[in-house]
Protein chains: 2
Amino acid sequence: METVRVALEARSYPVHIGAGAIDTEAFYRPHLRAGRVAVVTNPVVAPLYLERVKAALARAGAAPAIEILVEDGEQAKNWTALERVFDGLLAARMGRDGILVALGGGVVGDLAGFAAAVYQRGIPFIQVPTTLLAQVDSSVGGKTAVNHARGKNMIGAFHQPAAVIADVGTLATLPERELRAGIAEVIKHGFALDAALVAWLEENMARLLARDAAALVHVVRRSCELKAQVVAADEREAGTRTLLNFGHTFGHAIEAGAGYGVWLHGEAVAAGMVMAAELSAQAGLLPAADTERLRRLLRQAGLPVAGPALAPERYLDLMAGDKKAAGGRARYIVLREIGRAALRDDLDERWVRAAIAASVDGTSAAAVQ
Amino acid sequence: METVRVALEARSYPVHIGAGAIDTEAFYRPHLRAGRVAVVTNPVVAPLYLERVKAALARAGAAPAIEILVEDGEQAKNWTALERVFDGLLAARMGRDGILVALGGGVVGDLAGFAAAVYQRGIPFIQVPTTLLAQVDSSVGGKTAVNHARGKNMIGAFHQPAAVIADVGTLATLPERELRAGIAEVIKHGFALDAALVAWLEENMARLLARDAAALVHVVRRSCELKAQVVAADEREAGTRTLLNFGHTFGHAIEAGAGYGVWLHGEAVAAGMVMAAELSAQAGLLPAADTERLRRLLRQAGLPVAGPALAPERYLDLMAGDKKAAGGRARYIVLREIGRAALRDDLDERWVRAAIAASVDGTSAAAVQ
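A. Examining the relation of the copies chain B and chain A more closely. Mapping chain B onto chain A calls for a screw motion: a turn of 180° about the axis and a shift of 0.0 Å along it, with 0.0 Å RMSD after fitting. The transformation just described matches what one would write down for a two-fold rotation axis. Of the residues that chain B buries at the interface, 100% are likewise interface residues in chain A, meaning the two copies contact each other through the same surface.

B. Focus on the confidence of the model for chain A. For chain A, mean pLDDT is 94; residues scoring 70 or higher make up 96% of the total. This prediction of the complex comes with two scores: 0.92 for pTM and 0.90 for ipTM.

C. Spotlight on the side chain of Thr 131 of chain A. Residue and element names in this part refer to chain A. Take Thr 131: it is sitting in the loop between β6 (125-129) and α5 (132-138). Taking relative accessible area as the criterion, Thr 131 reaches 10% and is therefore assigned buried. Ignoring sequence-local partners within four residues, the contact set of Thr 131 consists of Gly 104, Gly 105, Gly 106, Leu 171, Leu 174 and Glu 178.

D. Here's a closer look at the domain arrangement of chain A. Residues and elements named next belong to chain A. Annotation of chain A at the domain level lists domain 1 (2-173) and domain 2 (176-367). Summarising the inter-unit geometry, the C-alpha centres of domain 1 and domain 2 are found 26 Å apart. Taken residue by residue, the interface counts 35 residues in domain 1 and 35 residues in domain 2. Here domain 1 is connected to domain 2 by 6 salt bridges. Between Glu 2 and Arg 221 there is a salt bridge; the shortest N-O distance is 3.0 Å. Where domain 1 packs against domain 2, one counts 12 residue pairs in polar contact (both at pLDDT 80 or more). Taken together, the elements giving at least two residues each to the side of domain 1 that touches domain 2 come down to β1 (2-6), β2 (13-17), α5, β7 (143-148) and β8 (151-158). If one sorts the elements of the side of domain 1 that touches domain 2 by residue count, α5 sits on top with 6 residues. Its residues assigned to classes, the side of domain 1 that touches domain 2 shows 16 nonpolar, 12 polar and 7 charged.

E. Local environment of the packing of aromatic side chains. Summed over the entire model, instances satisfying the criterion amount to 7 aromatic pairs over all chains. With a centroid separation of 5.7 Å and an interplanar angle of 20°, the aromatic rings of Trp 79 of chain A and Phe 86 of chain B are classed as stacked. One end of the pair, Trp 79 of chain A, is in helix α3 (residues 79-91); the other, Phe 86 of chain B, is in helix α3 (residues 79-91), on a second chain. Since its relative accessible area comes to 0%, Phe 86 of chain B is described here as buried. Chaining the aromatic ring pairs together yields one cluster made of Trp 79, Phe 86 and Tyr 119 of chain A together with Trp 79, Phe 86 and Tyr 119 of chain B.

F. Layout of the interface of chain B and chain A. Taken together, the contact pairs 36 residues of chain B with 36 residues of chain A. Taken together, the two surfaces of chain B and chain A that pack against each other cover about 3,400 Å², and 53% of this comes from carbon and sulfur. Among the residues chain B hides against chain A, the three largest losses belong to Trp 79, Arg 96 and Arg 121 of chain B. Together they make up 25% of the total. Taking the shortest distance from any N to any O, the salt bridge between Arg 93 of chain A and Asp 317 of chain B comes out at 3.5 Å. If you look at where chain B meets chain A, you find 18 residue pairs in polar contact (both at pLDDT 80 or more). Counting only elements with at least two residues in the side of chain B that touches chain A, the list comes to α3, α4 (106-118), β7 (143-148), β8 (151-158) and α12 (312-320) of chain B. It is α3 of chain B that contributes the most residues to the side of chain B that touches chain A, 7 residues altogether.

G. Structural view of the environment of Leu 264 of chain B. Residues and elements named next belong to chain B. Note on placement: Leu 264 falls in the loop between α9 (248-258) and α10 (265-282). The exposure class assigned to Leu 264 is partly exposed, which follows from its relative accessible area of 23%. On a C-alpha basis, the gap between Leu 264 and Ile 155 in space is 20 Å, while along the polypeptide they are 109 residues apart. When residues no more than four places from it in sequence are discounted, the contact partners of Leu 264 are Arg 177, Glu 178 and Ala 181.

H. Main features of the sheet that holds strand β5 (residues 99-104) of chain B. Residue and element names in this part refer to chain B. Taken together, 7 strands build an open sheet; the order of strands is β1-β2-β9-β6-β5-β3-β4 and the sheet is mixed. The open sheet terminates on both sides in strands that have one partner only, identified here as β1 (2-6) and β4 (66-69). For this sheet the average axis-to-axis angle between neighbouring strands, irrespective of direction, equals 15°. Of the strand pairs in this sheet, β5 and strand β6 (residues 125-129) are connected by 5 bridges, and their pairing is parallel.

Conventions used here
Residues numbered from 1 in each chain as written. Chains lettered and ligands numbered in written order. Predicted model: local features only at pLDDT ≥ 70, side-chain atom pairs only at ≥ 80, totals over all residues. Heavy atoms only, no water. Least-squares fit on C-alpha atoms with pLDDT ≥ 70 in both. Contact = heavy atoms within 4.5 Å. pLDDT = per-residue confidence, 0-100. Helix = DSSP H or I, 4+ residues; strand = E, 2+ residues; numbered from the N terminus. Buried < 20%, exposed > 50% of the residue type's maximum accessible area, 1.4 Å probe, protein only. Domains from an automatic or database assignment. Salt bridge = Lys/Arg side-chain N within 4 Å of Asp/Glu carboxyl O. Polar contact = N/O pair within 3.5 Å; in protein donor to acceptor, adjacent residues only side chain to side chain. Nonpolar A, V, L, I, M, F, W, Y, C, P; charged D, E, K, R; others polar. Phe/Tyr/Trp six-rings, centres within 6.5 Å; stacked < 30°, edge-to-face > 60°. Buried area = accessible area lost by both parts, 1.4 Å probe. Pairing = 2+ DSSP bridges. Axes fitted to C-alpha atoms, helices over the stretch in contact; angles between N-to-C directions.

Next up, the structure:
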């Protein structure tokens, strides 16, 4: 087992990484409280891992857990699911001295984390991510949210978990498509922050796709280390943490434009990163060869390198409501080089249009896919 | 104008108190940001004060404000109203660099404050309380929430305002019943924390009921000072802040038992304080004469001194889901003497039943009303 620490003073917490982590009662025990434990999960994950988590909680000394199931999928990250969690907690008379366990992927983690953030004005929660995307990205850093009809993650809170328990063994049951979507976020960490990680991925993509345990531990640990550094420096995304959103402004537009749930988040981020890299090239910041290197790595991972064929105007419209817009000026995260992202609010909108046009299905660059 | 400061390090903020405060642009100016301003209010308050607030914002240099109206009344403090606020903000493309102004009573403040806490994971807000209850209590301290069918304030956040602008001039238009409900919270501050305030109220109740400006400023300022001290010591209600809930565990049961909106919050707290004082007497902590002194002061203010005639069992059931329950043990805030509240989790349930039985309509003590 490896442990990465997220240093946030009173809100610091460990990220435990390794095969069998979810069975390790010592990872749960320090966080149990006077009140009850509720496990929030979905009907796909529950039959696979719920009993094991409950058994570990029991060995840690917890009373029998409250079980709350929510629907699977991004479209379920909404008010209705949130109400179901609250109903379950209130029906079981969970008090402010209880704790939530989020068992599942990014949707369960975001939803249960937000429920924990606002239930009786906030109770602690433990992230037990069972997808690669959640293990390398969404379970760490305290971003929680639900979607709104007008935009993704529009309603949420910064609420750090008490611990993250990332068991790479649970990735054995992950559908191939979701594995690849998770790899997109690892590629993002590399391109935005760490050129060495990019080089490692170029060498080891086959091992990763074969779910080699050591390779999975490597990318989870390295991703969590990078994310922990950024989050420790800027918990509430007032500055450098924004760089972790590389590819996300375009990616959110893809997800919304295609309709939530059609593209997986990681797939949208993959194509979104290509757009952001093209924009960097348009702005004269990044050599075309580096954009090509991104496309090549995404293809190695079986990820899309182009967005749906919508008009650039439609993309711009979808992005206008994005959180990255500040004071009316559109802000974009670009690359100065591989491993060095930067935030810019002075880019010519024509470059943005050109970057989109160069990265949607049907364009020559995309057609190579 | 007087200013009380709530000392919470980076989250510190001023409470400006006085007649004409809402017209004072200098109170808004330091908090304006690159993005837009949205004023959340209701159809009762809007015709009275919205234009004045908008004019002050304009003088402070803000762009024209987004206006969002929500329904009046405790029963409107729910998901539906919250969605209306989010819809309004998203339709106007409010970004993370915007600010909310909550113009109204406790319902608007709690609701808009919670909306600000979770909109795009949190934006700042200014409280402009226009009821006595909101000025002396709910606008200060950062508690925000909406109600759930299973309990009041069950979903919420601690989110401190950037400033509170308490204009006692707005109390001129307050219905008599709401004025009295606000006085209940002032009486609470006195009985829980400050015997001198109790003595002042016994002397000056007539001035207060006549809405004498100096008397109003006195109780708003003193209440805010007391609350600021408690909140600075225990922002998230892990300890001493609980004492501000004196009368509230019983009060919430009264509100829920009667159906939200039938009793005003302050009225329920008034009768709830009598129950809590009776419980203190049952536990041998408080002389019967002091409980009588509470009843007398509440009657002076025209407030109820007894709850609805429900069975003690029903009260206990309604209180079991209350946030004050910890690890299964019921906790009550009692008085050791006037001005000195204490939290106890070791009280005999028979005393609680007896305290309720002695303080519901139809009992001899209540009948004196």
